[in-house]
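Close look at the chain arrangement
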Amino acid sequence: MKLGKMVKNNDNDLLSRIIFRNVQPTDIPRCHQIESASYPVDEAASKSTLQYRQHHGAAFFRCAFLVGDSAAGGGTTSTSSSISYQGRSMNPRATLRGTIIGYICATRCKSFTAEAMKTHDSLGKILAIHSVAVEDCYRDCGVATAMLKDYLSSMERLNNKGNLKVKMEKNVLLAKKNMLAFYVRNGFIAMGLSKISHGKEQWFELERNFDMSQGNADVSHKCYIVDSFADTDKQGSGNPAAVVLLDGPPGEDESTTILTSQSGSQTGCSLDEIDENGNSIKQFEYHGASWMATVAKEFNQSETAFVWPRFQEESADDDSSSLRQANGQHSTYDIRYYTRSGAEVDLCGHATLAAALVLLLPQKMDDPKQIHKADFFSKSEFLQTELLVPPSNSQPSTPVPNSNKSSRIAMNFPWKKVVSFDGHCRGEVLNMISCAFSAVAAKGEASNFCPSGKDKIPSFFNKHVVDMGLTDGSEDLFLELTVEGFESLQGIDVNFGALLAWEGYSRGVIICCSCAPESDSTTRKSPLIDFRSRFFGPKVGIDEDHVTGSAHCSLGPYFGEKLGKTVVVGRQESERGGLVECILKPEEGRVCIVGTAVVTVAGQLLFSV
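Here is a short report on the structure shown in this document. (Residues numbered from 1 in each chain as written. Predicted model: local features only at pLDDT ≥ 70, side-chain atom pairs only at ≥ 80, totals over all residues. Heavy atoms only, no water.)

Concerning the overall build of the protein
Quick note on the threshold: Secondary structure elements follow DSSP: runs of H or I no shorter than four residues count as helices, runs of E no shorter than two count as strands, and numbering proceeds from the N terminus. Only protein chains enter the area calculation, which uses a 1.4 Å probe; residues under 20% of their type maximum are buried, those over 50% are exposed, and those in between are partly exposed. Any two residues having at least one pair of non-hydrogen atoms within 4.5 Å are treated as being in contact. Residue burial considers only the protein chains on display, and all accessible areas are found by Shrake-Rupley using a 1.4 Å probe.
Looking only at helices and strands, the protein features eleven helices and 31 strands. Looking at the protein residue by residue over its 609 residues, the buried ones come to 56%. Residue pairs at least 24 apart in sequence account for 72% of intrachain contacts in the protein once pairs closer than 6 positions are excluded. Carbon and sulfur atoms make up 49% of the accessible area of the protein, which totals about 26,300 Å².

Structural data, given as structure tokens:
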């Protein structure tokens, strides 16, 4: 359509302050103001026409919102929980003040005729753009180009991954001769003079086809199964996790906008938007979570990690938020974790290790230009991982040569304290553990012993429990046993349901012990082990976990302090078993968890989002 007379604007950071979003009903007066100033009276749409287009085709009505400028009408934009602006995370209910400086509106129709374009047909395969308008003082500085690029990419996402009953096949619009070059530069094809009469001037028809190749149900995603914290001397060891690589957050693509800065860098952000039926993007967020839960159930692993690139601008003040690039590939990602039951968890160590291996393994270790690090933003933590180069002169605690399917990965995790407790709670916990391991408890009591009173303290566990406590936030119950007590649990059937009885913890039960002195022999070929552990998580749908990286956020610091070491190695003695090295950084409040990961399955996931 018409952009109007171009006037130079000298605001160098203008584009970096623009957010693109869907137009809301309260924005119509401002849009009509721009419309009236951009087109002759016989071409400009009326306020009621714009209201009709917004009401019936809300998903196809977008605007450029300039943050921090309220000189022309003013306005606000409320953010969603996932918005970032200029590389900074915003408060979930933050409000950005500014004004709309341009907009694009369109409706769907079944034919490119004046009559068909008067109304919105939700089943139409043609998306007819009516207006591409920018306020006069913001023209000739890239706003129209950035706005049109955002609009076209948003429509592609909506067409491919949205909830449209009928897919759109092409964009169409009318333009005057002086604007043909602009639209051709942005992917449109000039079809010739139009028969449509609109005002007094002559118009040309332009078309742009949608990319239909991504609209089928067989869109695939790379997926893997990785054994994390594996013992390379034992096949089938470690904790298997599934990893699914995505291009962006599942189910949220329709709400993603692009902030384009003067330098051409891009920042992804999400705003409160609506689909063609007027539904909030919260529907898409729910759809994405539901899809990930379904996929996790399909993989049936203890955890499945979903990973996608996280786009944000570089910050000179914060190294952790800078955008790293390696051969054009971003090394900063969002990550989400789902269990085999479809439940989402905030943090999972072995799934993070698996994701890091998948992302970093293809890199060439001898290439100095490669960045051997990947950073993850989970729902609760900022996680840093690094692909470790095998030492040339020393044997690592968890040795493995980096190969084309396995590598040694270090993860920077939060430090978690263990707060010991005694008294009444101790008795309740001992009773619960005795019921869970009744065959062991019976060694010191009557046959089939399971105490049923608060005053009854089982003598076996009372004798062999060295320490008892809770990790930060009462997440895990922590029990250190004697070596004899720990070994007595081997091969014993566990009543996992009994571990649900005590309400004092929210996630899992860690049972551990220090290693016997004779295991610390320098003649051993296997790594030196400082402690042994097991992890039970029936409250999160995992009876016994194979190897639990996140549990070592507390196991590492606990045994490091107990043994006076800054590096400790643990062996989790589940049926599969695995090795975890913990490098302690108390001054930073972090634990560097190191383990070996091995890719066992690689393929394509054919579940469409």
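Section: unusual backbone geometry
The phi dihedral of D140 falls on the positive side, at around 65°, and the residue is not glycine. You will see that S474, though not glycine, has its phi angle at about 55°, which is positive. In this structure, S474 sits in the loop between strand 24 (465-471) and strand 25 (476-481). Taking the relative accessible area as the measure of exposure, S474 reaches 32% and is therefore partly exposed.

Here we look at the pairing of strand 2 (residues 61-67)
Condition: Whether two strands pair comes down to DSSP finding at least two bridges between them.
Taken across its seven residues, strand 2 has seven buried, putting it largely inside the fold. Sheet topology note: the strand 1 (residues 18-22)/strand 2 ladder contains five bridges and is antiparallel. Looking across to strand 2, one finds that I19 is bridged to F65.

A word on the nonpolar core
Under the convention used in this document: Only buried residues count toward a nonpolar core, which is a set of Ala, Val, Leu, Ile, Met, Phe, Trp, Tyr and Cys residues joined through side-chain atoms within 4.5 Å.
Grouped together as the largest cluster of nonpolar side chains are 50 residues, with contacts concentrated most on V226, V307, Y337, F376, L555 and I593. The dominant element in this core, judged by the number of residues it contributes, is helix 6 (residues 349-360), at nine residues. In this view, I593 contacts F229, I409, A410, M411, F413, G549, H552, C553, V580 and E581; residues no more than four positions away in its chain are not counted. Ranked by size, the runner-up nonpolar core spans 38 residues in total, among them I104, A146, A175 and M179.

Notes on helix 6
For the record, the criterion: Helix span is expected to be 1.5 Å times the residue number reduced by one.
The terminal C-alpha atoms of helix 6, which comprises twelve residues, lie 16 Å apart, in line with the 16 Å expected from a rise of 1.5 Å per residue. Of all the twelve residues making up helix 6, twelve are buried; the element is thus mostly covered by neighbouring parts of the structure.

Side note on the packing of aromatic side chains
Quick note on the threshold: Two rings belonging to Phe, Tyr or Trp (six-membered ring only in the last case) form a pair when the distance between their centres is within 6.5 Å. Interplanar angles under 30 degrees mark stacking, angles over 60 mark edge-to-face geometry, and anything in between is tilted.
Under the criterion given, the structure shown has 16 aromatic pairs. Between F182 and Y183, the aromatic rings sit 5.0 Å apart at their centres with planes inclined by 75°, giving edge-to-face as the arrangement. Note on F182: relative accessible area 7%, which makes it buried. Assessed through its relative accessible area of 0%, Y183 is described here as buried.

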